[in-house]
Amino acid sequence: MCGIIGYTGAKDVSEVLLKGLARLEYRGYDSAGLAVLKDEAIRIVKKQGKLEVLAEEVKQRPIEGNTGIGHTRWATHGEPSDLNAHPHNDHTEDVAIAHNGIIENYKQLKEQLGENGHIFKSETDSEVIAHLIASEYQGDLRLAVAEAAKRLKGSFAIAAIHKKEPDRIIGIRKDSPLILGLGEEENFIASDIPAVLEHTKEVVYLENNEMVDIKKGKYTVYDEFGSQVEKISTKIEWDIKQAEKTGFKHFMLKEIFEQPEVLKQMFQKRIKNDTEVVFDELIISEDVFKKIENVIIVACGTAYHAGLTGRYMIEKYARIPVSVDTSSEFRYRDPLVDKNTLVIVISQSGETADTLAALREAKTKGAKVLAICNVLGASIARESDGVIYTHAGPEIAVASTKAYTAQLGIMYLFTHYLTKVRGKADNCPPDFLKELSQVPKLAKRMLKQYRRNENKMKGYAANFHKYYLARNNKSCFLYLGRNINYPNALEGALKLKEISYISAEGYPAGEMKHGPIALIDENPWVVCLAVKGDTYEKMLSNIQEIRARGGIIVAIVSERDSTLKGKEANYVIEIPETEEIFSPILVAIPLQLLAYHVAAEFGYDIDKPRNLAKSVTVE
Ligand code: F6R
């Protein structure tokens, strides 16, 4: 959470920083700010609210300079305000910093520094960093940052400048991401690649505890002991277009529409001759997969739902016991994990603090850890024993869509791979991979149909909006699913609540009568995932039970199934017919669209929902 950027070169630094911050805004948008270094002075401008407020301020009062740092904030310590916005400086205004992470011992440090005459202005934990660096400064910013870092507890990616050191930025990271962008006579540091992509595709991933010293035409990386480290740069294959809306109204909608292509590319690259799955980057040996006795999948939010779906697949076909846990619970419950356990961590960003901590916990206990990750070179990918990348491209909207279905895609492939490696290939239907390869085409067709009838889904959302207002905001959503689509009920509810702020819960439909059915009257809209499959008939009975109590039914059904249309269901959304096992990807897409349209109807900022950030790097 929070995005930081630093630039030194010949360009107008405010323009570079503002553009870079726009691409980091998914990490937080409570406030934003810049600190620009020029003529032995640092000028800071920072504003509460989204980046556009800061951009307007800079337009009105331009700041000249070629070296500076910027920040976009997701508030942890201290409310969103101009004062709490970054960058922060020390009371002498010699040093300015931008910080992503949490300084756990900031109170003690503040007290100590206060006793030595430091005056603090904000309520943040981060301000202490600027004071600490200033107090350690003896003519070399790098050494001062290194000394300050030794006294910090918690997580941080920091960009620091000093007024007496023109053209120089020091970056350092511990448990928060930081990359280095290499240009011609210009260099960058940033929390994520899209921030620098307009200027360079040549990046260096900094490891934990590494520090970088950048100047216009030069950079040096140091390890935690102060020794120089040789780094190899990586050429980023994707294009800046992938981080732009390209005509779509929102990133979320664009990313929903990208799903068929992401999955098509994934299956084309990883499935050989319809019979074999290849994971080129996987460095865990087959022997390990042969010997494992159980699997634990650990993740947060949407990624956790992908893990829950994965459990159905792995248990059904590979016949290995699988448990699934949220990272924040797994890491604190002293889990039973040993060398025969495979822990799979799933994360889009690869930086989620709880998942990273869970991964470390699992490794300490001797388990092999496999990461399923979207962001190349992210901490979770680097620290795991092996990684499978989802290659969904940058996901900018805070609400995860294409990363989710890509995680599901990998779960199918990994299940097949596991059955084969363990000599149980016959457990999978013979045409498993062939059928799976059809899913992107079906998804594409479904999205085309949706485009043609866009008003239908919009109409459902508009009706809900009216209904909600007419009932004094008492209406809410329930999502019910069974079997392999039960996790989609959780995901549908999560998608809706995070962008439309409407109360929504997901349940296994069979659990309704054990409590939640008490909620049913004429107020809730109940989204029932009723595609053809083993539990279809049971789902129909649940729908009757809800209908009998006045609930409004939105049914997601298989194409050509007219059982509910115009009868028990008030609204029907069709998905292409497929085997039940392959339905989750297809069911997920209309759930995403429904959430999108409801949020649009309410007029909310879909790509930047309140209180959230894309990359949750605090615990
Ligand atoms: C929901 C959403 C979050 C993330 C969760 C984990 O739309 O985006 O629930 O899924 O914060 O993030 P990653 O996958 O980056 O570990």
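Each value, and the rule that gives it
Residues numbered from 1 in each chain as written. Predicted model: local features only at pLDDT ≥ 70, side-chain atom pairs only at ≥ 80, totals over all residues. Heavy atoms only, no water. Helix = DSSP H or I, 4+ residues; strand = E, 2+ residues; numbered from the N terminus. Rg over C-alpha atoms; globule rule 2.2 N^0.38 Å. Buried < 20%, exposed > 50% of the residue type's maximum accessible area, 1.4 Å probe, protein only. Contact = heavy atoms within 4.5 Å. Areas by Shrake-Rupley, 256 points an atom, 1.4 Å probe, with all protein chains shown as cover. Expected span 1.5 Å × (residues − 1). Arc of directions from axis to C-beta. Salt bridge = Lys/Arg side-chain N within 4 Å of Asp/Glu carboxyl O. Axes fitted to C-alpha atoms, helices over the stretch in contact; angles between N-to-C directions. Parallel < 35°, antiparallel > 145°, perpendicular 65-115°, else oblique. Phe/Tyr/Trp six-rings, centres within 6.5 Å; stacked < 30°, edge-to-face > 60°.

## Remarks on the overall build of the chain
Assigned secondary structure in the chain consists of 17 helices and 27 strands. Against the 2.2 N^0.38 benchmark of 25 Å for 619 residues, the chain shows a C-alpha radius of gyration of 25 Å, consistent with a compact globule. Dimensions of the chain along its principal axes, counting C-alpha atoms only, are 75 × 60 × 40 Å. The buried share of the chain, reckoned over its 619 residues, is 61%. For the chain, long-range pairs separated by at least 24 residues make up 71% of all intrachain contacts whose partners lie at least 6 apart in sequence. Summing over all exposed atoms, the chain offers an accessible surface of approximately 24100 Å²; the carbon and sulfur share of this is 47%.

## Focus on helix H16 (residues 536-548)
In this model H16 runs 19 Å from its N-terminal to its C-terminal C-alpha over 13 residues, within 8% of the 18 Å that 1.5 Å per residue would give. For H16, every residue scored as buried is listed here: Tyr-536, Met-539, Leu-540, Asn-542, Ile-543 and Ile-546. Buried residues of H16 fall within an arc of 160° about the axis and therefore sit on the same side. In H16, the exposed residues that point more than 90 degrees away from the buried face are Glu-537, Lys-538 and Ala-548. Along its buried surface, H16 packs onto strand E23 (477-481), strand E25 (525-530) and strand E26 (552-558).

## With respect to the pattern of salt bridges
Any two side chains of opposite charge can pair, on the condition that their charged atoms come close. Taken as a whole, this structure holds 37 salt bridges when the rule is applied. Ionic pairing is found between Glu-25 and Lys-608, a salt bridge with its closest N-O pair at 2.9 Å. Remark: Lys-608 occurs in the segment after helix H17 (583-602) and Glu-25 occurs in the loop between helix H1 (13-22) and strand E2 (31-38); sequence separation between them is 583 residues. Between Arg-151 and Glu-136 there is a salt bridge whose closest N-O contact spans 3.3 Å. One end of the pair, Arg-151, is in the loop between helix H5 (141-150) and strand E7 (154-162); the other, Glu-136, is in helix H4 (residues 127-136), and 15 residues separate them in sequence. With relative accessibility at 22%, the residue Glu-136 sits in the partly exposed group. Look at the salt bridges and you will find they share partners, linking Glu-15, Lys-19, Arg-23, Glu-198 and Glu-244 into a network.

## Focus on the packing of helix H8 (residues 301-318) against helix H15 (residues 486-500)
For the pair H8 and H15, the least separation of the axes is 8 Å and the interaxial angle reads 170°. In terms of orientation, H8 and H15 fall into the roughly antiparallel class. Residue-level inspection shows Gly-301, Thr-302, His-305, Leu-308, Thr-309 and Tyr-312 of H8 in contact with H15, the latter providing Tyr-486, Pro-487, Leu-490, Glu-491, Leu-494 and Lys-495.

## Section: the packing of aromatic side chains
A complete count under the given rule lists 24 aromatic pairs for this structure. Considering the side-chain rings of Phe-432 and Phe-582, the 5.3 Å spacing of their centres and the 55° angle between planes classify their relative orientation as tilted. Taken as a pair, Phe-432 in helix H13 (residues 432-452) and Phe-582 in the loop between strand E27 (571-575) and H17 lie far apart in primary sequence, 150 residues in all. Residue classification places Phe-582 among the buried residues on the basis of a relative accessible area of 3%. Where Phe-464 meets Phe-602, the ring centres are 6.2 Å apart and the plane angle is 40°; that geometry is what we call tilted. On the criterion of sequence distance, the pair formed by Phe-464 in helix H14 (residues 454-470) and Phe-602 in helix H17 is long-range, its members being 138 residues apart. Note on Phe-464: relative accessible area 0%, which makes it buried. Clustering of aromatic rings is evident, with ring pairs tying together Tyr-460, Phe-464, Tyr-467, Tyr-468, Phe-477, Tyr-479, Tyr-501, Trp-525, Tyr-571, Phe-602 and Tyr-604.

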